[in-house]
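# Topology and contacts: notes
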Amino acid sequence: MTKCPSLKSLNCRISEGENKITDKAMGHLADVIPSCPTLESLTIDFSNLFDENIKITDAGIKYISEAIPKCPSLKSLSLKFNEGSNKITDAGMKSLSEGIANSPSLTALSICFHEGRNKITDAGVQSLVEGLTKSTNFKSLNLDFSFNKLTDIGLKSLAEGIAK
């Protein structure tokens, strides 16, 4: 039974205040979004000005990444996990890459994983590039990895992946 038969766009933003959000919330979202067959746009913005109560890690990214291929109409994905206690690493980027590679319809990706405790290196960017190059559908990419641990190597692999 379909729970949200006509939902086309979901924009979930939680920041500031006394919210207590963890990877479990991502699991709950990931359980629901595949039951929305017309969902075309998903935005998850759990960024906060150094709020220790919002803690999204690689496990949370994995939940969403596993749901992406189960959303046949999903065209646009925007993820923003920066500042605060969010901790996304190369493992989270690998999970995201796998979800992207297996998405039948994704054409736009926006990622903002900067500041806070996020620790993405060249290896994480290389994983993302692997997922991007397995899909020929992309028309829009917005990537913000400010304040992570990237070098020329990561940007070179991104440029080479985009050129393919």
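Higher on the page you've got the structure.
This brings us to the packing of helix H3 (residues 90–101) against helix H4 (residues 122–133). Packing of H3 against H4 leaves a shortest axis separation of 7 Å and a crossing angle of 5 degrees. Put simply, H3 runs roughly parallel to H4. Facing Asp90, Met93, Lys94, Ser97, Ile100 and Ala101 of H3, the residues of H4 in contact are Ala123, Gly124, Ser127, Leu128, Glu130, Gly131 and Leu132.

Further remarks concern the state of the cysteines. Following the criterion strictly, the structure yields 1 disulfide and no others. With its sulfur 1.7 Å from that of its partner, Cys4 forms a disulfide with Cys36. Given an S-S torsion of about -100 degrees, the disulfide between Cys4 and Cys36 has left-handed geometry. One end of the pair, Cys4, is in the segment before strand E1 (9–13); the other, Cys36, is in the loop between helix H1 (23–32) and strand E3 (41–45), with 32 residues separating them in the sequence. For Cys4, a relative accessible area of 14% puts it in the buried group.

A word on the nonpolar core. The nonpolar side chains of a soluble globular protein tend to be buried, and buried together. Counting 40 residues, the largest nonpolar core has Ile44, Phe46, Phe81, Leu96 and Phe113 as the members making the most contacts within it. Among the secondary structure elements, those contributing two or more residues to this core are H1, E3, helix H2 (58–67), strand E5 (76–80), H3, strand E6 (108–112) and H4. Broken down by element, this core gets its largest block of residues, 4 residues, from H4.

In the structure shown here, the tally under the stated rule is 6 salt bridges. One salt bridge in this structure joins Arg13 and Asp45, with 3.1 Å as the shortest N-O distance. Linking Arg13 in strand E1 with Asp45 in strand E3, this pair joins segments that are 32 residues apart in sequence. Residues Lys94 and Glu98 are paired through a salt bridge, measuring 3.6 Å at the closest nitrogen-oxygen approach. With Lys94 and Glu98 both in helix H3, this residue pair falls 4 residues apart, about one helical turn. Judged by relative accessible area, which is 43%, Lys94 ranks as partly exposed. In the salt-bridge network here, residues are joined through shared partners; they are Lys8, Glu40 and Lys75.

What follows deals with the environment of Ser65. Mapping Ser65 onto the fold places it in helix H2. Residue Ser65 is classed as buried on the basis of its relative accessible area of 3%. Here the alpha-carbon distance between Ser65 and Ser103, two residues 38 residues apart in the chain, equals 9.5 Å. Other than its neighbours up to four places away in sequence, Ser65 contacts Ser95, Leu96 and Gly99. At 3.3 Å, the side chain of Ser65 forms a polar contact with the backbone oxygen of Ser95.

Below, the discussion takes up helix H5 (residues 152–163). Relative to the 16 Å expected for 12 residues at 1.5 Å per residue, H5 spans 16 Å between its end C-alpha atoms, a close match to the ideal helical length. Turning to H5, its buried residues number three or more, namely Gly154, Ser157, Leu158 and Gly161. All buried residues of H5 lie within an arc of 100 degrees about the axis, which places them on one face of the element. Residues Asp152, Lys156 and Ala163 are exposed on H5 and point more than 90 degrees away from its buried face.

Taken in spatial order, the 5 strands line up as E1-E3-E5-E6-E7 in an open sheet, and their pairing is parallel. The strands lining the two open edges of the sheet, one partner per strand, are E1 and strand E7 (140–144). Strand after strand, the sheet turns through a mean of 0 degrees between neighbouring axes, direction not considered. When E3 meets E5, the two strands line up parallel, connected through 5 bridges. Bridge pairing links Leu42 to Leu77 in E5.

So, how was this worked out
- Residues numbered from 1 in each chain as written.
- Predicted model: local features only at pLDDT ≥ 70, side-chain atom pairs only at ≥ 80, totals over all residues.
- Heavy atoms only, no water.
- Axes fitted to C-alpha atoms, helices over the stretch in contact; angles between N-to-C directions.
- Helix = DSSP H or I, 4+ residues; strand = E, 2+ residues; numbered from the N terminus.
- Parallel < 35°, antiparallel > 145°, perpendicular 65-115°, else oblique.
- Contact = heavy atoms within 4.5 Å.
- Disulfide = S-S within 2.5 Å.
- Buried < 20%, exposed > 50% of the residue type's maximum accessible area, 1.4 Å probe, protein only.
- Core = buried A, V, L, I, M, F, W, Y, C linked by side-chain atoms within 4.5 Å.
- Salt bridge = Lys/Arg side-chain N within 4 Å of Asp/Glu carboxyl O.
- Polar contact = N/O pair within 3.5 Å; in protein donor to acceptor, adjacent residues only side chain to side chain.
- Expected span 1.5 Å × (residues − 1).
- Arc of directions from axis to C-beta.
- Pairing = 2+ DSSP bridges.

The analysis is restricted to geometry; functional conclusions fall outside its scope.
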